[in-house]
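An overview of the molecular structure
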Amino acid sequence: MSLGATVTETGVNFAVYSETAEKIWVCLFNELDVETDRIELTRRDDAVWHGHIHGLRAGVRYGLRADGRFDPAQGYHFDPNKLLVDPYARRIDRTFLLSPKLSLPRSQSVDTAPIMPKAIVTGAQREPVEIHDTSRPNLIYELNVRPFSMRHPAVQGPLRGTVGGLMSREVIDHLKHIGVDVVELMPVAGWVDDGHLPALGLTNVWGYNPVTYFAPDPRIMPRGPQELRALTDRYREHGIRVVLDVVYNHTGEGAKDGPVLSMRGLDARTYYRHVEEDGRLRLVNDTGTGNTLQCDHPAVQDLIVDSLKYWVRDLGIAGFRFDLATILGRSLNGFSTDAELLERIRTDDVLSECLLIAEPWDPGPGGYQVGQFGEPFLEWNDKYRDKVRRFWKGEAHTLNGLATRLAGSADQFNHDDRKPSASVNFLAAHDGFTLRDLVSYAQKHNMANGEENRDGHSANYSWNNGVEGPTDDPDVLAARERDVRALLTTLFVSHGTPMLTAGDEFGRTQGGNNNAYAQDDETTWLDWTTADRDLVDYVAALSRFRRDHPALNADTFLTGEVHDGHKDVAWLHPDGGEMDEADWNAPDASVLGMFMHEAGETMLVWFNRRTEPVEAVMPHESGIAFEVVLVSDKHARAVVAEDRITLPPRSVVVMTGTVA
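This structure is a prediction, so every number in the text was calculated from the model and none was measured.

Once that is clear, we can look at the side chain of Glu601. Its place among the elements puts Glu601 in strand E27 (residues 601–608). Despite its burial, Glu601 pairs with no opposite charge, the nearest such side chain being Arg546 at 11 Å. A distance of 2.9 Å separates a polar side-chain atom of Glu601 from the backbone nitrogen of Ala551. Those residues within four positions of Glu601 in sequence are excluded, and the remaining contacts are His549, Pro550, Ala551 and Met596.

This is how it looks when you write it as structure tokens:
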């Protein structure tokens, strides 16, 4: 039996899973938000509660109520006064709002129906979408719907801040211009604010606090889930896949004193992981948010798999980025790459045809699992981010780490037939500094978040080029521009799968806030009017260059082994010789040449992080003529004289080689 609300010829079937409830009702509401009927469901032997209500049609609003034992210390939170959202609801009529009433104990509770969203019964969907594209992305583009379109000049009126705002021709043209073929939408499922935010006058704009796993949030899809289907259809016509960032690791019901909104009120012992301590059950907090989904329970696995397949088949989503993905493979014994849920996702006839991306860590014990998710997963690679940042910041002993990341991060991914494309390489993401702020702030500036600057990462490996934050100093501004372009060039010449966060291609800033999850304002809203169009065009050129050159997009690790008479890569010292152990270990080593014979091409890339020009000797290989084809600093030239090249300060220089 399908869970949720299913329209039939004679009415609507309702079904919900609970092992511990003693009674469950479906409550119907009219257009005035008044409860008009309450129908008790019947429990089957498989813990599914079901009932058929004759005469109902699509569009009916409903909620659930459950009764049973109330003993939070043992994981029971039953209270018929708490209206609950169906975990399988396809659409909700409003956003979630926090209220102390949602957390009151049963002895003090009041009816929460007036403040709770109601699920809306949806009818038959359009023809299901068939996804058969697991090809390697050229460029993944992480995008938060609301901030992206709130101030876009081509998005007007009620479309601002919504999925509909992403459908303008100007937005699509921009994505295609910079070479995006995968748009990764930050969470769109219905979410609730974190418990401490209302008192601070703040709201969660990132969406990583979900309540519903099928129903989109009305803030960004006010016209319902078909907005997303329209977007995916349109983007697919332009060769762009839409991927969803999904949060199957916790819900917005949070810690033990959090609100009762859905699964906690239906069967907290099933849906959330608990451990026993001194005769009491404690919620496991491997997510840092107060609760953790029990992903090794069959009902929870079914919920997740059913949700994923709904997004794909009904709404055209082409893949998923799994937030804190280690949770998906956890049991009480820890993480396993062969966990049942991960295997179900890998082998499902629908999901196996999707692009699957893991954020391969969580805050729990043994939670860091980069490189361990196996095919077909791609994985966010934070070591790539940190090693590249540390090199360009100027830290000692970072040349070796840079080379490892440029070559495809073999230390993490070269096993079990995996390839460099499994590494999602990024310089910045939604959490952390923007790319512009990375070179403009040496410290985080998160006071607006109301936590006295304690939140957010402290190890950012950032630098400010001499002035903290905004400045009119032309030299500082020029240095920042130079560094951003060098970082971007490094990204696009690296083996792996590149990812950009929306706005980093034109120099967006968050004023040094590196944890702007609660800033639904100009801090996070992209300012398109001040976009650096030259930088946009440079990113577009880098994207095209990478796509057009097999030496850069070949999906093989660079190992230094000889193929067809040449090493696939030789790492060069500026004196023209190959790096030796002493060169790699030199603390102040700041210049590196990456000399590639890869996929039928010869290419030489020089990295110079010094603040002064450096003369480098070209490799001593007869019969090859080199040509400078790209210099990251738009105000500088790389001068070639005989067998030497002068590398501009703080730059990346790309040369192609041909047989003379």
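Attention shifts here to the pattern of salt bridges. Taken as a whole and judged by the stated rule, the model has 46 salt bridges. A salt bridge links Arg94 to Asp33, with the nearest nitrogen and oxygen atoms 2.9 Å apart. Residue Arg94 is located in the loop between strand E9 (76–77) and strand E10 (119–120), and its partner Asp33 is located in the loop between strand E3 (23–29) and strand E4 (35–40); the two are separated by 61 residues in the primary sequence. On the basis of relative accessible area, Arg94 is assigned to the partly exposed category, the value being 24%. The exposure class of Asp33 is partly exposed, given its relative accessible area of 23%. Across the pair Lys634 and Glu481 runs a salt bridge, and its minimum N-O distance is 3.3 Å. A residue pair is termed long-range when its members are at least 10 positions apart, and Lys634 in the loop between strand E29 (624–631) and strand E30 (639–641) and Glu481 in helix H12 (residues 474–492) qualify at 153 residues. The partly exposed category is assigned to Lys634, whose relative accessible area is 35%. Three or more residues joined by partner-sharing salt bridges are found here, namely Asp33, Arg61, Asp93, Arg94 and Lys118.

Before going further, it helps to spend a moment on the sheet that holds E10. What the 4 strands build is an open sheet, ordered E4-E3-E7-E10; its pairing is antiparallel. Looking along the sheet, the strands with just one partner apiece sit at the ends: E4 and E10. Note: E3 against strand E7 (residues 61–67), 7 bridges, orientation antiparallel. Paired with Trp25 across the bridge in E7 is Arg65.

Time to look at the nonpolar core. Ranked by internal contacts, the top residues of the largest apolar core, which has 143 residues, are Leu185, Trp311, Phe320 and Phe322. Per element, the largest residue contribution to this core is 9 residues, and it comes from helix H6 (residues 298–313). With residues near it in sequence (within four places) discarded, Phe322 still touches Val246, Tyr248, Leu308, Leu328, Ile345, Leu356, Ile357, Ala358, Glu359 and Phe377. Formed by 37 residues, the second largest nonpolar core is a distinct cluster that contains Ile24, Trp25, Phe78 and Ala119.

With that settled, consider the packing of aromatic side chains. The geometry of an aromatic ring pair is captured by two quantities: the separation of the ring centres and the angle between the planes. Counted by the stated rule, this structure contains 20 aromatic pairs. A ring pair is formed by Phe433 and Tyr441, whose centres lie 6.4 Å apart and whose planes are at 20°; its orientation type is stacked. Each of the two residues, Phe433 as well as Tyr441, counts as buried. Three or more aromatic residues joined by ring pairs form one cluster here, namely Phe320, Phe322, Phe335, Phe373 and Phe377. When the ring centre of Phe29 is taken as reference, the NZ or CZ atom of Lys118 above it lies at 5.0 Å.

Sequence-wise, Lys634 and Ser651 are 17 residues apart; in three dimensions their C-alpha atoms are separated by 9.7 Å. Leaving out residues up to four positions away in the same chain, Lys634 has contacts with Glu481, Arg485 and Asp534. Engagement of the side chain of Lys634 in a polar contact is seen with the side chain of Asp534, the distance being 3.1 Å.

As a further point, take the sheet that holds strand E31 (residues 644–647). Here 3 strands make up an open sheet; going across it, the order is E28-E31-E30 and the pairing antiparallel. Strands at the two margins of the open sheet, each flanked by one partner only, are strand E28 (614–617) and E30. Neighbour-to-neighbour, the strand axes of this sheet turn through a mean angle of 25°, independent of strand direction. The sheet contact formed by E30 and E31 spans 3 bridges and is antiparallel. Residue pairing for E31: Val639 is matched across the bridge by Thr646.

Judged by which residues are buried, strand E19 (residues 355–358) turns out to be covered on both faces: Leu355 and Ile357 on one side and Leu356 and Ala358 on the other are all buried. In this sheet, E19 lies alongside strand E16 (residues 319–322) in parallel orientation, the contact comprising 4 bridges. Within the sheet, the bridge partner assigned to Gly319 lies in E19 and is Leu355. By the bridge criterion, 2 bridges tie E19 to strand E20 (residues 378–380) in an arrangement that is parallel. Its bridge partner being in E20, Ile357 is matched across the sheet by Leu378.

On to helix H4 (residues 226–237). With 12 residues, H4 should cover 16 Å at 1.5 Å per step; its first-to-last C-alpha distance of 17 Å lies within 8% of that length. Contacts from the buried residues of H4 go to helix H2 (169–177), strand E12 (182–185), strand E13 (241–246) and H6. Downstream of H4 by a residue or two, Gly239 has a phi angle that is positive, lying close to 75°.

All right, on to unusual backbone geometry then. Across the junction of Glu375 and Pro376, the peptide omega takes the value 5°, indicating a cis bond. Within the fold, Pro376 resides in the loop between E19 and E20. Residues other than glycine seldom take positive phi values, yet Asp416 does so here, at roughly 55°. Residue placement: Asp416 occurs in the loop between helix H10 (410–413) and strand E21 (423–426). If you check the backbone angles, Glu642 has positive phi at about 55° while not being a glycine. Note on placement: Glu642 falls in the loop between E30 and E31. Its relative accessible area of 81% is what places Glu642 among the exposed residues.

Let us now look at the environment of Asn414. Inspection of the secondary structure assignment puts Asn414 in the loop between H10 and E21. A sequence separation of 263 residues divides Asn414 from Arg151, and the C-alpha atoms of the two residues are 43 Å apart.

A word on H2. For H2, every residue scored as buried is listed here: Val171, Ile172, His174 and Leu175. Taken around the axis of H2, the buried residues stretch over an arc of 160°, which confines them to a single face. Of the surrounding elements, those touching the buried residues of H2 are strand E11 (140–143), helix H1 (145–149), E12, H4 and helix H13 (533–548).

Two elements in contact, helix H8 (residues 382–393) and H12, have axes whose closest approach is 11 Å; the angle formed by their N-to-C orientations is 140°. Here H12 runs oblique to H8, going by the angle between their axes. By crossing handedness, the relation of H8 to H12 is classed as right-handed. In this structure, H8 contributes Tyr384, Val388 and Trp392 to the contact, and H12 contributes Ala486, Leu487, Thr490 and Leu491. Split into classes, the residues belonging to the contact of H8 with H12 amount to 6 nonpolar, 1 polar and no charged.

Conventions we followed
Residues numbered from 1 in each chain as written. Predicted model: local features only at pLDDT ≥ 70, side-chain atom pairs only at ≥ 80, totals over all residues. Heavy atoms only, no water. Helix = DSSP H or I, 4+ residues; strand = E, 2+ residues; numbered from the N terminus. Buried < 20%, exposed > 50% of the residue type's maximum accessible area, 1.4 Å probe, protein only. Lys, Arg positive; Asp, Glu negative; His and termini not counted. Salt bridge = Lys/Arg side-chain N within 4 Å of Asp/Glu carboxyl O. Polar contact = N/O pair within 3.5 Å; in protein donor to acceptor, adjacent residues only side chain to side chain. Contact = heavy atoms within 4.5 Å. Pairing = 2+ DSSP bridges. Core = buried A, V, L, I, M, F, W, Y, C linked by side-chain atoms within 4.5 Å. Phe/Tyr/Trp six-rings, centres within 6.5 Å; stacked < 30°, edge-to-face > 60°. Lys NZ or Arg CZ within 6 Å of the ring centre and 35° of its normal. Axes fitted to C-alpha atoms, helices over the stretch in contact; angles between N-to-C directions. Expected span 1.5 Å × (residues − 1). Arc of directions from axis to C-beta. Parallel < 35°, antiparallel > 145°, perpendicular 65-115°, else oblique. Left-handed = near helix turned anticlockwise from the far one by under 90°. Nonpolar A, V, L, I, M, F, W, Y, C, P; charged D, E, K, R; others polar.

These values are about where atoms sit, not about what they do.
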